[in-house]
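Residue-level listing of the chains:
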There are 2 protein chains.
Amino acid sequence: MILETRHSIHEILSRQPMFRGLAADELRDIANGTREYRAKKNEIIFHRGDAVEGMHVVVMGQVKLSLPSSQGAEKVVHVCGPGNTFGEAVAFLDKPYPVNAQATAESLLLLIPKRVLLDALELSNNLCRKMISSLSVRLHEMISDMETCLLRNSVQRVVCFLVQSAPESGDAFEVSLTASKQTIASQLNLAPETFSRVLGQLSEAGLIQVRGRRIAVLDRQRLIGFSG
Amino acid sequence: MILETRHSIHEILSRQPMFRGLAADELRDIANGTREYRAKKNEIIFHRGDAVEGMHVVVMGQVKLSLPSSQGAEKVVHVCGPGNTFGEAVAFLDKPYPVNAQATAESLLLLIPKRVLLDALELSNNLCRKMISSLSVRLHEMISDMETCLLRNSVQRVVCFLVQSAPESGDAFEVSLTASKQTIASQLNLAPETFSRVLGQLSEAGLIQVRGRRIAVLDRQRLIGFSG
DNA sequence: GCGACGAATTGATGTGGATCAAGGCTTTTT
DNA sequence: AAAAAGCCTTGATCCACATCAATTCGTCGC
């Protein structure tokens, strides 16, 4: 039974971007130390300030990372989907979690304890370079997020979001929102009301069509032009 | 002459946090590939969108990393002092620089080309782990910056900045600003006028004393209390 | 020490987006 | 199917901070 679980963790790990392509023996020690856990929708995984256990991998579901504010509000920093990891950066520092983590859907996750991760990195140069690359991507994303939040107005932020969520590269496309509008608004550092109003305004202008959580972008170029 | 320079580059590198403690032979290849350069005050080192050459190390002086906005304004993302590095994260991705880099003082820098850096990482697990740790620190700093900029008001941001700049851990201390007030204001995402006014307000309340670029914090606890 | 230019301050005014409030719509619960 | 609980939208109001404008201060070259 335990062997079964281990075996399956090994399987799952090997399919995650972070570990794909690693040799079986490199993975073995990690898989042995890894714990699988589940989180129900809205379940809190950890709070800002909690001691760091290790690196978390989202296998299925969705996890929201957010900064709590003094007045009970929160700013969503990142939304992690399948294949994404979180908590790794802070596992390398001797600091507690800087954000809250909460499942926004029924989720399946893996927890690779700090110690196991550090040991694995010491042995595998390959894994180290994957980690460097993953951290670099996150850093780049954060700069991009700062850019969106700090030097654009509300319309530009929403347009930016829509364009970045484009699945295809065509001039017309449809975006299905992967999170609630509140969550997206928070990521864009907008009040939910403002987000709603801006979407209304873009509809009004004939640039998009909102149907629940599906948004049809009719003309990418005109949309971009509208905000500049 | 060339040997002299190489030798000195090796010396300089070995004193940087990023490379301290590496074996001499691990450093040799890096030192051989590294170029030293100087930048005058206000000189632009690279623009957002330029092709990435490699990782830059500030040996002496100061470099400001900023995001340009459409209307010619800019948001300062980070200010690098001696021992800091920049451009490494983006060297691991196939993307151009996401920010502008400009010297804010006469500076001495090192440039480790992408290729040299990648080769060195492949050979040295030690260096890999230093890189991971450095990227993690940056990521953590960015979350902290987002927190400051996005979920605090102007007074809280300035108080936060003063407290974080504390050299000692006492209850009264003096902060010497390491950058112009405009630059600091931009880092805090405030207009220079607002920054000035907030400092005035804190002086008014008897919490700090501003004398040019030296700011005396009289009572850390009361200062923090004032903003909450 | 004088002139000049950029940095910083101070005052007056404007506005983008938050907040408060109320109602409609969806989804889950029973 | 009805009820409950969230989500989302729409409208009215407000305020924190930006912006514009005018001095003043500080520093550097000569």
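Residues numbered from 1 in each chain as written. Chains lettered and ligands numbered in written order. Predicted model: local features only at pLDDT ≥ 70, side-chain atom pairs only at ≥ 80, totals over all residues. Heavy atoms only, no water.

Of the transformation placing chain A onto chain B, the axial shift is 0.0 Å and the rotation is 180°, giving an RMSD of 0.0 Å. With respect to symmetry, the two chain copies, as superposed, fit the operation of a two-fold axis. Looking at chain A, 100% of its interface residues are interface residues in chain B too, so the copies touch through the same face. (Least-squares fit on C-alpha atoms with pLDDT ≥ 70 in both. Contact = heavy atoms within 4.5 Å.)

Turning next to the sheet that holds strand β11 (residues 214-217) of chain A. Residues and elements named next belong to chain A. With antiparallel pairing, three strands are arranged side by side in an open sheet as β9-β11-β10. Looking along the sheet, the strands with just one partner apiece sit at the ends: β9 (173-176) and β10 (208-211). Across the sheet, the mean angle separating the axes of adjacent strands is 20° when strand polarity is ignored. Sheet contacts for helix α6 (residues 154-164): β9, β10 and β11; angle to β9, the most-contacted strand, approximately 100°. Strands in contact with helix α8 (residues 192-204) are β10 and β11; relative to β10, the strand with the most contacts, it is inclined by about 125°. (Pairing = 2+ DSSP bridges. Helix = DSSP H or I, 4+ residues; strand = E, 2+ residues; numbered from the N terminus. Axes fitted to C-alpha atoms, helices over the stretch in contact; angles between N-to-C directions.)

It is worth spelling out the protein's contact with DNA strand C at this point. Taken together, 16 residues form the shell around DNA strand C, and within it Ser154(A), Thr194(A), Arg197(A), Lys181(B) and Arg197(B) come nearest. Within 4 Å of the protein, atoms of DNA strand C come from sugar and phosphate in 66% of cases. Within the side chain of Ser154(A), a nitrogen or oxygen atom sits 2.9 Å from a phosphate oxygen of DNA strand C. Between DNA strand C and Lys181(B), the relevant distance is 2.9 Å, taken from a phosphate oxygen to a side-chain nitrogen or oxygen of the residue. Put simply, the parts of the chain that give the surface near DNA strand C at least two residues each are α6 and α8 of chain A together with α7 (181-187) and α8 (192-204) of chain B. Split into classes, the residues belonging to the surface near DNA strand C amount to two nonpolar, seven polar and seven charged. (Near = heavy atom within 4 Å. Polar contact = N/O pair within 3.5 Å; in protein donor to acceptor, adjacent residues only side chain to side chain. Nonpolar A, V, L, I, M, F, W, Y, C, P; charged D, E, K, R; others polar.)

Looking now at the protein's contact with DNA strand D. Taken together, 16 residues sit near DNA strand D, with Lys181(A), Arg197(A), Ser154(B), Thr194(B) and Arg197(B) positioned nearest. Among the atoms of DNA strand D close to the protein, meaning within 4 Å, 65% are from sugar or phosphate groups. Within the side chain of Ser196(A), an N or O atom sits 3.1 Å from a sugar or linking oxygen of DNA strand D. Between DNA strand D and Arg197(B) there is a distance of 2.9 Å, counted from a base oxygen to a side-chain nitrogen or oxygen. For the surface near DNA strand D, the secondary-structure elements that each account for two or more residues are α7 (181-187) and α8 of chain A together with α6 (154-164) and α8 of chain B. Its residues placed into classes, the surface near DNA strand D shows two nonpolar, seven polar and seven charged.

With that out of the way, let us pick up the pattern of salt bridges. Inspection of the entire model under this criterion finds 22 salt bridges over all chains. When the shortest N-O distance is used, the salt bridge between Asp219(A) and Arg222(A) registers 3.8 Å. In this structure, Glu174(B) and Arg214(B) form a salt bridge, with 3.4 Å as the shortest nitrogen-oxygen distance. Of this pair, Glu174(B) sits in strand β7 (residues 173-176) while Arg214(B) sits in strand β9 (residues 214-217), and the two are 40 residues apart along the sequence. The class of Glu174(B) is partly exposed, set by a relative accessible area of 29%. According to the relative accessible area criterion, Arg214(B) is partly exposed, its value standing at 43%. (Salt bridge = Lys/Arg side-chain N within 4 Å of Asp/Glu carboxyl O. Buried < 20%, exposed > 50% of the residue type's maximum accessible area, 1.4 Å probe, protein only.)

Right, let's talk about the interface of chain A and chain B for a bit. Contacts between the two partners involve 36 residues from chain A, matched on the other side by 36 residues from chain B. Summed over both sides, the interface of chain A with chain B buries roughly 3500 Å², with 76% coming from carbon and sulfur. Between chain A and chain B we count two salt bridges in total. Close ionic contact of Glu147(B) with Arg48(A) constitutes a salt bridge, the shortest N to O distance being 3.1 Å. (Buried area = accessible area lost by both parts, 1.4 Å probe.)

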